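A closer look at the structure
Residue strings, one per chain:
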Amino acid sequence: MQLLLSLLALPLAAAQLHELAVKAGKLYFGTATDSRDIGFKNATYLKVLNDVKEFGQLTHSNGQKWFATEPYQNQFNFTYGEEVSSIARKNKQLLRCHTLVWHSQLAPWVETPAVPWTKATLTAAMVNHITQEARHWSGQCYAWDVLNEALNDDGTLRNTTFLQVIGPEYIKIAFSTASRADPKAKLYYNDYNIEKPGNKSAAVRELVRGLKKDGIRIDGVGLQSHFTVGTSPTVDQLIWTMEGYTKLGVEVALTELDIRIKEPETTANLAQQSTDYKAAICACMQVDKCVGITVWDFWDPVSWVPGVFAGFGSPSLWFGNFTKHPAYQGVVEALKNDTSKGHGGWGSHDDDEEDDEEEEGGWGWWKWW
C-alpha cells in the first residue's frame, strides 16, 4: 500500500503553502503540532515543521490545554506548551494559542473536585486559569481559542461542568477575562460542524451577536473543518457560512483542517480528497476576512483520526513516508487563486436575526442570560 501511495504522491511544488498563502493576501498557512508525539523524534518531520515557506504559523495540539497547564489547582506548568512556542519564536512563525476553556482534556481536579464546586468557586478557578495562562503567553499569540466546542450540533449549549455550575454566563466571563489578560491577541470561538448552514452555525452567530451586544470583545470564529471525503461542505456552503460570521464584525479562519478517508486509500478517494481540500481553501480565498488556514498536523502517522473514527485514516497532506497526498496539489491550486464559485442559494443570514427579535432578551431560543 505504501508503494501505491508513493506512486500517487506528487513531487515537491515550486512554491510552498505559507509562501503561496501570503502572496494571495492571507496571513498564514500553518499546522498544529504536538511536541510529545512521534513526529518530534523524526528528523524529516521536524525539517518540514521548521520550513517557514511551508508553515508560517503553529498551533499547540495539546500543550496549552487545561490538563497540561494547570494539572493541580493553582499549580501552573507551561513546559509542554513552551516546547512548541519556542519553535515559533525561533522561526518567527505566528502562534495560534489553543485553548483556554474546553469541556474535554480538563485536569481531573476540575471534573472531580475534592469539594463540590459552587458557582463562586468554579468561576474563580476558571478566571484564575484563563488569567494565568493567557498572561504567560501575553503578546506572543496571534489569537487565542478562548472557548472551544461549547455547542451541541442542534445549536443548544453543551452540558459541561462550566454550564452546570456557573450557568450560561461562563461564556461572557471567559471572553472578558481573556481580553484583560492578553489584550493584543485576537479572541476566537472555535468549533466543528459550523462550516455550513444549519442550527449550529446559526447558534455561533447568536453567540457572537450576544457578546458584542454586551460590549464583550470577540474577534474571530474558528471553523475547525474536520471533514470526511465525499461529504465535505461545498465552496458555496463554506463561503455563505463564513460571510455570515464576518458580517457581524469578526474574522474567520480554518483552524483544524483535515479530511479523512474511508480505508483503504484508492486513486478515486485520494482524488476526491484533493477536490475537498481545494474547496475548503477556495472558500477561504474568496472571503476577505478569512485570515488563514491551519491543518491539524500534516503527517498521517500523528493524526488523531484513526484513534477516534474506526476504519478512517490518511486525513493529512503527507503520507507516512513523507511523500505528499494529491491533496497537496489541490491546496496549491486553490492558493494560486483557482477559485471557482457557484451560485449560492442559501438565503439571507438575516433570517435568524428576525427570529431573534421575537424572543425575550434578543438571544434567540436559548434565552441564555
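Placed above this text is the structure.
Note that this is a predicted model, so its numbers are computed, not measured.

Within the chain one finds 15 helices and 10 strands. Across the chain, the fraction of contacts at a sequence separation of at least 24, relative to all contacts at a separation of at least 6, is 81%. Accessible surface, the chain: about 14,700 Å² in total, of which carbon and sulfur atoms supply 52%.

Turning to the packing of helix α12 (residues 267-285) against helix α14 (residues 326-335), a few remarks are in order. Closest axis-to-axis distance for the α12/α14 pair is 8 Å, and the angle between their directions is 25°. Here α12 is positioned roughly parallel relative to α14, judged by the angle of their axes. Our pair here, α12 against α14, has a crossing hand that is right-handed. Contacts from L270, Q273, S274, Y277, K278, I281, C282 and M285 of α12 reach α14 at P326, A327, G330, V331, E333, A334 and L335. Of the residues assigned to the contact of α12 with α14, the class counts are 10 nonpolar, 3 polar and 2 charged.

For the rest of this paragraph, the subject is unusual backbone geometry. With an omega dihedral of 0°, the bond running from H98 to T99 counts as a cis peptide bond. Within the element layout of this structure, T99 appears in strand β3 (residues 94-102). Here N74, not a glycine, exhibits a phi torsion of approximately 65°, which is positive. With respect to the element layout, N74 can be found in the loop between α4 (66-69) and α5 (79-91).

Moving on to the pattern of salt bridges. Per the counting criterion, the structure on display carries 11 salt bridges. Note that D191 and K200 form a salt bridge whose closest N and O atoms lie 3.2 Å from each other. In this structure D191 comes out as buried when scored by relative accessible area, which is 0%. E206 serves as the salt-bridge partner of R209, at 3.4 Å between the closest nitrogen and oxygen. Separated by 3 residues within a single helix, R209 and E206 lie in helix α10 (residues 199-213), roughly one turn from each other. On the basis of relative accessible area, E206 is assigned to the buried category, the value being 2%. Linked by salt bridges that have partners in common, D153, D191 and K200 make up one network.

Here the focus is the state of the cysteines. With the rule as written, the count across this model stands at 2 disulfides. In this model C97 forms its disulfide with C141; the gap between the sulfur atoms is 2.0 Å. Since a negative S-S torsion denotes a left-handed disulfide, the C97-C141 link at about -80° is left-handed. With C97 in strand β3 and C141 in the loop between α7 (119-136) and β4 (143-148), the pair connects residues that are 44 residues apart, well separated along the chain. C141 matches C97 in its accessibility class, with the two residues each being buried. Across the chain, the disulfide pattern expressed with sequentially numbered bonded cysteines is 1-2, 3-4.

Our focus in this paragraph is empty space enclosed by the protein. Enumeration over the complete set of coordinates arrives at 2 cavities of 30 Å³ or more. Estimated volume of the largest cavity: approximately 40 Å³. What lines the largest cavity is K65, W66, T99, L100, V101, W102, S104, Q105 and L106. Top element by residues in the lining of the largest cavity is β3. It accounts for 4 residues. Estimates place the volume of the second largest cavity at around 30 Å³. V101, W102, H103, L147, N148, E149, A150, T160, F162 and Y170 together form the lining of the second largest cavity. Listed by contribution, the elements that provide at least two residues to the lining of the second largest cavity are β3 and β4.

So, how was this worked out
Residues numbered from 1 in each chain as written. Predicted model: local features only at pLDDT ≥ 70, side-chain atom pairs only at ≥ 80, totals over all residues. Heavy atoms only, no water. Helix = DSSP H or I, 4+ residues; strand = E, 2+ residues; numbered from the N terminus. Contact = heavy atoms within 4.5 Å. Areas by Shrake-Rupley, 256 points an atom, 1.4 Å probe, with all protein chains shown as cover. Axes fitted to C-alpha atoms, helices over the stretch in contact; angles between N-to-C directions. Parallel < 35°, antiparallel > 145°, perpendicular 65-115°, else oblique. Left-handed = near helix turned anticlockwise from the far one by under 90°. Nonpolar A, V, L, I, M, F, W, Y, C, P; charged D, E, K, R; others polar. Salt bridge = Lys/Arg side-chain N within 4 Å of Asp/Glu carboxyl O. Buried < 20%, exposed > 50% of the residue type's maximum accessible area, 1.4 Å probe, protein only. Disulfide = S-S within 2.5 Å. 1 Å grid on protein atoms, 1.4 Å probe; cavity = no way out; pocket = protein on both sides within 12 Å on 5 of 7 lines; lining within 4 Å. Points joined across faces, edges and corners; volume = space filled by probe spheres on them.

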